[in-house]
Structure formats: structure tokens, C-alpha cells
Amino acid sequence: MNIGKFAELLLLLIVLTDFAVLGSSRLSACIRAIAIQGVLLGVLSLVIDDPRSVHAMVLAAGTVAIKGIILPLFLRWAMRESAVRREVEPAIGYMASLCLGALAVGASFALADRLPVITRIELLVPIAFATLIVGLLVLVTRSKAITQVVGYLILENGVYLFGLTQLSRVPFLVEIGVLLDVFVAVFVMGIVVFHINREFDSISAANLVELRES
Amino acid sequence: MLLLAILLIPAAAAGLAYPVPKRGLRLALLVLTSVVHLALVGVLWRTPDATALGGWLVADPLGLIVLTLVSVLFLAASVYAIGLLREESPRGGRLFVSCLLGFLSATSLVSLSHHFALLWVGMESTTLAVAPLIFHRHDRRSLEAVWKYLVLSSVGIAFALLAVFLLATAQPVIPGVRALVLDDIVANGQSLEKSWLRAAYVFALAGFGTKMGLAPLHTWKPDTYGEAPSLVGALMSGALTSCAFLGLARFTEVAVAAGLTDFTRPLLIAFGLISLVIAAAFIIGQADVKRLLAYSSVEHMGLLVLGLGVGGVGVYGAVLHVLNNGIAKGMLFLVVGNLVLATGSSAAADMRGMLKLRPWSAALLFVGLFAVTGSPPFGLFVSEFSIVSGAIRQDHWWVAAAMLALLAIIFVGIGGMFVKIIFGPGTTTTVDDEKATGDSALLLIGPLGLAALVVMLGLYIPTPLQESLARAARLLGGVSP
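Residues numbered from 1 in each chain as written. Chains lettered and ligands numbered in written order. Predicted model: local features only at pLDDT ≥ 70, side-chain atom pairs only at ≥ 80, totals over all residues.

Engineer: Would you mind going over the overall build of chain A in detail, with residue names and values included?
Structural biologist: Counting secondary structure elements, chain A contains 7 helices and 0 strands. Ordered by position in the sequence, the α and β elements of chain A form the string α-α-α-α-α-α-α. Taken against the 2.2 N^0.38 rule, which gives 17 Å for 214 residues, the C-alpha radius of gyration of chain A at 17 Å falls within 12% of a compact globule. With respect to the principal axes defined by its C-alpha atoms, chain A has extents near 55 × 35 × 35 Å. Taking all 214 residues of chain A together, the buried fraction comes to 47%. (Helix = DSSP H or I, 4+ residues; strand = E, 2+ residues; numbered from the N terminus. Rg over C-alpha atoms; globule rule 2.2 N^0.38 Å. Buried ≥ 20, exposed ≤ 12 C-beta atoms within 10 Å, placed from the backbone.)

Engineer: Mind laying out the overall build of chain B, listing which residues take part and the relevant values?
Structural biologist: A count of helical and extended segments in chain B gives 19 helices and 2 strands. A principal-axis box enclosing the C-alpha atoms of chain B has dimensions of 70 × 55 × 40 Å. The 481 residues of chain B split such that 64% are buried. The long-range fraction of contacts in chain B, counting pairs at least 24 apart against all pairs at least 6 apart in sequence, stands at 82%. (Contact = placed C-beta atoms within 7 Å.)

Engineer: Report on the interface of chain A and chain B, specifying residues and quantitative values.
Structural biologist: Each partner contributes to the interface: chain A provides 34 residues, whereas chain B provides 33 residues. Those elements that provide at least two residues to the side of chain A that touches chain B are helix 6 (145–164) and helix 7 (172–200) of chain A. With 12 residues, helix 7 of chain A is the largest single contributor of residues to the side of chain A that touches chain B. Here the side of chain A that touches chain B is composed, by residue class, of 21 nonpolar, 7 polar and 6 charged. (Nonpolar A, V, L, I, M, F, W, Y, C, P; charged D, E, K, R; others polar.)

Engineer: Give me the confidence of the model for chain A: which residues, what numbers.
Structural biologist: Looking at chain A, the pLDDT average stands at 84 and 92% of residues meet or exceed 70. Mean pLDDT across the secondary structure elements of chain A bottoms out at helix 7 of chain A, with 76, and peaks at helix 5 (residues 124–141) of chain A, with 93. (pLDDT = per-residue confidence, 0-100.)

Engineer: I'd like a description of helix 5 (residues 116–134) of chain B, backed by residues and values.
Structural biologist: Look at helix 5 of chain B: 27 Å from first C-alpha to last across 19 residues, which is about the 27 Å you get at 1.5 Å a residue. In terms of residue burial, helix 5 of chain B counts as a mostly covered element, since 18 of its 19 residues are buried. (Expected span 1.5 Å × (residues − 1).)

Engineer: Tell me what's going on with the packing of helix 11 (residues 261–283) of chain B against helix 17 (residues 397–423) of chain B, and back it up with residues and numbers.
Structural biologist: All names here are of chain B. At their nearest, the axes of helix 11 and helix 17 sit 9 Å apart, and the two run at 25 degrees to each other. When the axis of helix 11 is compared with that of helix 17, the two are roughly parallel. The handedness of the crossing between helix 11 and helix 17 comes out as left-handed. Residue-level contacts link I269, L273, L276, V277, A279, A280 and I283 of helix 11 to V399, A402, M403, L406, I409, I410, G413 and I414 of helix 17. The residue makeup of the contact of helix 11 with helix 17, split by class, is 14 nonpolar, 1 polar and no charged. (Axes fitted to C-alpha atoms, helices over the stretch in contact; angles between N-to-C directions. Parallel < 35°, antiparallel > 145°, perpendicular 65-115°, else oblique. Left-handed = near helix turned anticlockwise from the far one by under 90°.)

Engineer: Tell me what's going on with the nonpolar core, and back it up with residues and numbers.
Structural biologist: For soluble globular proteins, the rule of thumb is that nonpolar side chains tend to be buried together. All names here are of chain B. Ranked by size, the top nonpolar core spans 265 residues in total, and within it A163, V164 and V319 carry the most contacts. Considering every element that reaches this core, the biggest residue donor is helix 6 (residues 140–170), with 22 residues. Sequence-distant contacts of V164, defined by excluding residues within four places in its chain, comprise F116, A117, W120 and L180. (Core = buried A, V, L, I, M, F, W, Y, C linked by C-beta atoms within 7 Å.)

Engineer: Kindly report on the environment of G259 of chain B, identifying the contributing residues and their values.
Structural biologist: All names here are of chain B. Looking at where G259 falls in the secondary structure, it is placed in the loop between helix 10 (230–257) and helix 11. Classification of G259 as partly exposed rests on a count of 13 C-beta atoms within 10 Å. Remark: the alpha-carbon pair of G259 and R198, spanning 61 residues in sequence, is separated by 11 Å.

Engineer: Tell me what's going on with the packing of helix 1 (residues 2–17) of chain B against helix 2 (residues 23–46) of chain B, and back it up with residues and numbers.
Structural biologist: Residues and elements named next belong to chain B. Viewed as axis vectors pointing N to C, helix 1 and helix 2 meet at an angle of 175 degrees, and their least axial separation amounts to 10 Å. In this view, helix 1 runs roughly antiparallel relative to helix 2, as classed from their interaxial angle. Facing L2, A5, I6, I9, P10, A13, L16 and A17 of helix 1, the residues of helix 2 in contact are R26, L29, L30, T33, V36, H37, L40, V41, V43 and L44. Taken together, the residues of the contact of helix 1 with helix 2 sort by class into 15 nonpolar, 2 polar and 1 charged.

Engineer: Would you mind going over unusual backbone geometry in detail, with residue names and values included?
Structural biologist: Residues and elements named next belong to chain B. The omega torsion of the bond from A215 to P216 falls at 0 degrees, within 30 degrees of zero and hence cis. Mapped onto the elements, P216 comes out in the loop between helix 8 (194–212) and helix 9 (220–227). You will see that H138, though not glycine, has its phi angle at about 55 degrees, which is positive.

Engineer: Tell me about the environment of K144 of chain A, and name the residues and values.
Structural biologist: Residue and element names in this part refer to chain A. Within the secondary structure, K144 is located in the loop between helix 5 and helix 6. Its 25 C-beta neighbours within 10 Å are what place K144 among the buried residues. Sequence separation of K144 and I176 is 32 residues, and the distance between their C-alpha atoms is 30 Å.

Engineer: Can you break down the confidence of the model for chain B residue by residue, with the values?
Structural biologist: Across chain B, the average pLDDT comes to 92, with 96% of residues at 70 or higher. Here the predicted complex carries an ipTM of 0.91, next to a pTM of 0.94.

Engineer: How would you sum up helix 8 of chain B? Please name residues and give values.
Structural biologist: Residues and elements named next belong to chain B. Its 19 residues place the ends of helix 8 26 Å apart at the C-alpha level, agreeing with the 27 Å of an ideal helix rising 1.5 Å per residue. Buried residues of helix 8: L197, A200, Y201, F203, A204, L205, G207, F208, G209, T210, K211 and M212, and no others. In this fold, the buried residues of helix 8 make contact with helix 5, helix 6, helix 10, helix 11 and helix 12 (289–310). Count one or two residues on from helix 8 and you reach G213, which has phi positive near 85 degrees.

Engineer: Outline the environment of V35 of chain B, listing residues and values.
Structural biologist: Mapped onto the elements, V35 of chain B comes out in helix 2. Taking the C-alpha atoms as reference, V35 of chain B lies 32 Å from L308 of chain B; in sequence the two are 273 residues apart.

Below, the structure is given as C-alpha cells:
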């Protein structure tokens, strides 16, 4: 199997993890899917650029460590602390979210078709857009704070996927900065989730309705 | 060296302040750092276009204006912090002071970055530094506010990152031209691929627009400003939104260099007008002072993008308005903070006849009313006037007319509330009768200084600032008057 085919296989697996999050009510399944997605992203960054460059290797290791291992473990901890196992009542049902996800993939391919070609891996740009939309979808339609963090991570992964097309041009230090910022962002969110749980006895962001125009 | 010091000194102080055992020492460190920071920024004005890190950091006119605003506001806020943390200081203010200093470092990074990805890193860091500050009181309402803020700005900042990558995509590979470095992009503006650049600009507008709080992406703003300590509100509405505007302005510089203004300007005008309409709608009948100030911030962010959108002198007005709005908002939030400390509430109904109870703060609120609504002799009058005349000279008659009508409505809304607070029949009781004697001096120095500055900017603009404003306006596709 040549490198291009391998990259496309990885991208297809990434779309599958997107759908796994969209179609699952169990938080632990969502977190597992996001962990797998993180590892896939790390491997993908090795495949896309020259795999022997130190740049790509450190970035891949950092991505796997942060997005594939540390953040999922942290989210799992937050989930255990809050004793929440399931997403209760999503604004849109699971079947409907899966259909919307499929629609997002279709729209992304149509959109990518109209933009100039920038990479030899054809699937990269449409799947980046699709992942971004799926992340937004999860963020908007789910009510548990942890699931919203998962949505944010997927959104961020979509942006990261698109960033891979520019891997050789964005300086290494900056990429590490981006990675660290995402790490801290999720960390801060996790701490807020922890406080929400303590304060409201549930991490449902749907409880957060005190502030509004009267 | 100088530029790096401006970034690293506050960052080091942030790390140092956390383990310091005594509150007094920590606050001394805070004020000392902000004085040093302002002094270094002053030196920067004498060494124009200083660069560092091989052109990744440049103190260009636009960035320097924002940096100066940040530094001045921060000094006022840090003096205020001494007074504030004496009044209410849960958990000794450890994290509070460290996060404030971290915020100063991150905003300085945004102001000085000429590398788009570095700018993004700074922008994201400001979000993270501010989150614990909003959550200062650790209660349900502030928790809700910080969650909304984190989720919305994280999405905004993710869009901004996508905009950075899209910009890199739009930039063709030319030997000797560095990717994502502002000066290199602008110098080769015509070679940019237009369709990717348009996509980049749209995402930059959505991303930085969320951070600025442009309507309809402003929904976090009233909640966050309503619940955050007033000092944090002052820094967010004065410094943070200005930094977000700077991010958008950097993308605008690129769009101008690529000759894409026909695409960007209608977008900016639309966002500006929507923001003014939303602000006017929610300012009328608003019951909470801090939420009112939040909608006023939405209004002024709208004015900034309107100025960029109409072009010509309007752009000059927008750059000047960054400075004026930042100072006026900072001052108003600090003053309102004094009133909240006195009455224990930010609901306008709980504040009546404050002139008797807190004469200094009430007088400053009166000054702030005219400053923030753009009346002469305050600086905001000059900048808003420039924006309106920019609109007229560029034949956007209806934009100018709509803007003036909405500003008049907003004036009535803010004036109605403030006049009742200042002169209304005195039914207010203070939280604590011992404190009924008046404001503490530490809580007044900051807002007094800012008030003096905003008056000065209305009457006289120093020559170096005038030159910088003109240069910044030209880079953004405008002219100076």
C-alpha cells in the first residue's frame, strides 16, 4: 500500500470516529472515539509530510500524547468525578444527528470540489471540513458539558486536519504552541466542568439558564 | 530585546506572584510590573518599528497603539486591584493576580505579533488567562458566565485558527518569502490566491468577531461582563476586545494589500450596523448597569468595524476609536465597580442618588456618560465624527444616517439609566454602614487618570500619536484627515 492510500485509509477512519461520537449516547464511548481520533491524527501527520523529518516526528508524538492519551484520560476523570454516564436528552436525536453528519460530509465534498486543489491527498480537505462541522454539531446539540468539550475537541481536530495541508510551511514552534493552547483550553474547561458538577449536582449545561435578559 | 522584555517580564511576574506568601507583596509586584511595562512601552515610542525574533515581532504603529492602550489600562486596573482585593479577596487573590499578569503578557504578544500563528497563540492565551478571572467569585452565576464565555470564545478562536491556515493556503510558495509573516504577505499582496483569501477573511471575521463581541456573535458578552468583577470587565472591554479587533485588522491589512476591499467592506458594514441595532435594542430598558455597559461595548465594536468598512477617513476614526473606546470603557467599568462595592448589586434599581453616597464615583459616572456616548469634548466625539464623515465622504449616506439615529437612541438609553443612578431619589442603602463614608482613594486614582486621558484625546492628540494613527490608517486602506 502506498503512502497516499494509507493516508486516505486513516482519513476514512477519522470520519468513522466522527460518526461514532454522533451516534453514541454513552460518554465513555464518545471519549474513546475522541482518543482514537487523536491517535489517527498523530499518525496522519507522520504520513503527510516527509516522515523522517524531526519536525513531523515530534509533532506526531505530541499529538498522540496530548490528543490521544492525556486529554481523553482527563475527560474520563471528569466523567467519573461527576458520575455521569450518558447524554440524556440531546436537542436532536441520534438518528437525526447521524443524518446531519452524513449531510455535512456531502456538503464538505461539494465545497472542497469548488476550491483550488492544494494537496495530493484528495480526501484531506473535505474530511477536515466535515470533521469541523460535526464538532460544531456536537457542541450545539448536546447538553452535557463534557460532551460539549468533546465537540470542541472534534472541531479543533477538524481545523488541525486542514492545518496539515500547510504542515511544511507553519513553523514548528508555532505548531507546538497551538497544541499546548488546545491542551490548556480543554484543561480549563475540564476544571469548569468539575465545578459545574459540584455546584449543580449534574454537569448538564442545560442547567445554566440563570443569566438572560429579563 | 526590548520587545521580548515587554512579553517576558509580565510572564515571569505571573509565575513569581503565585508562590508569594503575602498579599501585600503580591500586589506590589503587580503594580511594579505594570509600571515597568508602561515605561518600556514608552521607550518603544522613541524607537519606532523595533523588531525581534527575525521580524516575527514588530512594534508597528497599529500594534503600538493597541499595546499602549493595554499598558495604560493595566496600570489603572492594577492600582484599582489593590483597593479591590482589600475589600473582597476570596482565596487571597493568588490566582487572580497571576492571571492578570498572564493576561498582560498575552495581550502584549497579540499587539506585537507580525506572525499570524503567533498572534493566534497570544489570542488564545488571553482567553485562558481571563477565564479564572471571570470565575473569581466562585458562585453559580459566575460559573455559568465562564462556561458560556469559554465555549463561545473557543469556537471563535478555532475559527480564527482556521483563518490562519486558510491564509497560509492562499499564499503561494515564493522563495525568500516567509509564510504567515505579515510584512512578507503584504509586500506580495497581489500574488495571493483570491478564493482562499476570501475564505480566510470570512473565518477571521467570524472568529475575531466572536472575541470582539460583534452582534450576532455577542451573546457571551452581557453574561460575562455582568458577572465578572468590574476590574476584569474593564480589562476585557477595554483591552481584550481591542486585541481581537487588532487580529481582524491584521487580516484587513492583507485584504487591502491583495485588493480585496470590495469584498471585505460590505461585510464589515453589515456586521457594524447589526451590532449597533442590537446594542440599541438591548440598551433601552436595560435593568443592570454592567449588562448595559456590555451592550455599549457591542455598540463600540460595531463602530470599529463600521469605520474599517466605510473606508477613507472612517478607517482613521476606527483606529483612534480603539484608543478612545478602550480608555472610556475601562474607566466606566471601574467606576461602576465602585458603585457595586457600595451597594452590593449591579441592578440599576438598587442604585439611587449615588451623588450623596459616593460623590466622586457618581461625578465620574456623569463624566463617563458623556464620554462613552461620544459627546464633545471627549475623544470619542472626535473618532465617531471621523467615522461618520468617512461614511459621508465615501457616499454611504444611509450608513451615516442609520449610525447617527442609533447613536441617538443609545444616548437616551444610557443617559436615562445613569441620571437616575446619580441624581435619583435616595433610597439606596450601603452594604455596610462603616463604608458609607465615601470612596477609597485607591479605587479612584485609576478611573480619574483614565477620565483625564479621554478628555485629553478629545482636545489634543500628540504629534507622534497623530503620525502613528495616520500610518495605521493607510495600512488599513484609509486616509488620515
